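# Commentary on secondary and tertiary structure
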Amino acid sequence: MRLSLLLAPALLLLAACTEPTTETQLASDGRPLPKLYRIRAGDEARIQYEILDGVNALRQAAGAVPVTLDPRLNAAAATHSRDMANQNRPWHFGSDGSSPMDRVRRVGYTGEMLGENISETYESELETLSAWMEQPDTRDVILDRRGQHLGFAWHQENSGKIWWTLIMGGNGSAAAPDS
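Overview of the structure.

Scoring rules and cut-offs
- Residues numbered from 1 in each chain as written.
- Predicted model: local features only at pLDDT ≥ 70, side-chain atom pairs only at ≥ 80, totals over all residues.
- Heavy atoms only, no water.
- Helix = DSSP H or I, 4+ residues; strand = E, 2+ residues; numbered from the N terminus.
- Buried < 20%, exposed > 50% of the residue type's maximum accessible area, 1.4 Å probe, protein only.
- Contact = heavy atoms within 4.5 Å.
- Areas by Shrake-Rupley, 256 points an atom, 1.4 Å probe, with all protein chains shown as cover.
- Axes fitted to C-alpha atoms, helices over the stretch in contact; angles between N-to-C directions.
- Parallel < 35°, antiparallel > 145°, perpendicular 65-115°, else oblique.
- Left-handed = near helix turned anticlockwise from the far one by under 90°.
- Nonpolar A, V, L, I, M, F, W, Y, C, P; charged D, E, K, R; others polar.
- Salt bridge = Lys/Arg side-chain N within 4 Å of Asp/Glu carboxyl O.

### So, the overall build of the protein chain
- Along the protein chain, the regular secondary structure elements total 6 helices and 4 strands.
- Listed by position from the N terminus, the elements making up the protein chain come as α-α-β-α-α-β-α-α-β-β.
- Residues classed as buried in the protein chain amount to 40% of the 179 residues present.
- For the protein chain, contacts bridging at least 24 residues in sequence account for 67% of all contacts bridging at least 6.
- In the form shown here, the protein chain has an accessible surface area of approximately 10,900 Å², with 55% of it arising from carbon and sulfur atoms.

If you want it as structure tokens, here you go:
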């Protein structure tokens, strides 16, 4: 009896030390469900510069000049990300009927709006960038040789869903490719 009284606490202690095993949850198609990517307060600059670095690495590999973040394009992207969430649909037109060009003009951007990439996902910014690079139309926006300025922003819902917007702007003249 005394031995079992001494062993019981030891067994409880050992049980508490083991890590619980969690099985990967699968969707109806048999693929693993995505893990929730939660953006924390204060991550804005880190995420924007991570995207800028990623975009510029891709542009360099394609022989295009690097771009810089533009606060006006960031503002237009943020406005559109919130608006898409409010509309609950990823598309390029605002709830007020505005086009991407209308939105960049509203924030005072005077360059040429070259393209806008959007996404509705639970994935991180780099996973989203990777998905954009897999599609010819969104890849073309990122690698547009006329690009000089980048706007990038998002809106994350309480559910974790993220609405991403990337806007590419430039002065309209094509940069000569490196030989």
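### Some words on the packing of helix 2 (residues 44-61) against helix 5 (residues 125-134)
- It is at 10 Å that the axes of helix 2 and helix 5 come closest, and there the two elements cross at 30°. Classified by the angle their axes make, helix 2 and helix 5 are roughly parallel. For the crossing formed where helix 2 meets helix 5, the hand is right-handed. Residue-level contacts link Arg46, Ile47, Glu50, Ile51, Gly54, Val55 and Leu58 of helix 2 to Glu125, Leu126, Leu129 and Met133 of helix 5.
- Of the residues contributing to the contact of helix 2 with helix 5, the split by class is 7 nonpolar, 1 polar and 3 charged.

### Observations regarding the pattern of salt bridges
- Counted under the stated rule, the structure contains 9 salt bridges.
- Residue Glu50 is joined to Arg46 by a salt bridge in which the shortest nitrogen-to-oxygen separation is 3.4 Å. Of this pair, Glu50 and Arg46 both sit in helix 2, separated by 4 residues, roughly a single helical turn.
- Glu50 sits in the partly exposed class, given a relative accessible area of 27%.
- Residue Arg46 is classed as partly exposed on the basis of its relative accessible area, which comes to 37%.
- The salt bridge involving Asp70 is made with Arg72; its shortest N-O contact spans 2.6 Å.
- We classify Asp70 as buried; its relative accessible area is 4%.
- Several salt bridges converge on common partners, so that one network encompasses Asp43, Arg46, Glu50 and Glu125.

Note that every value here comes from positions in space, so none of it alone points to a role or purpose.
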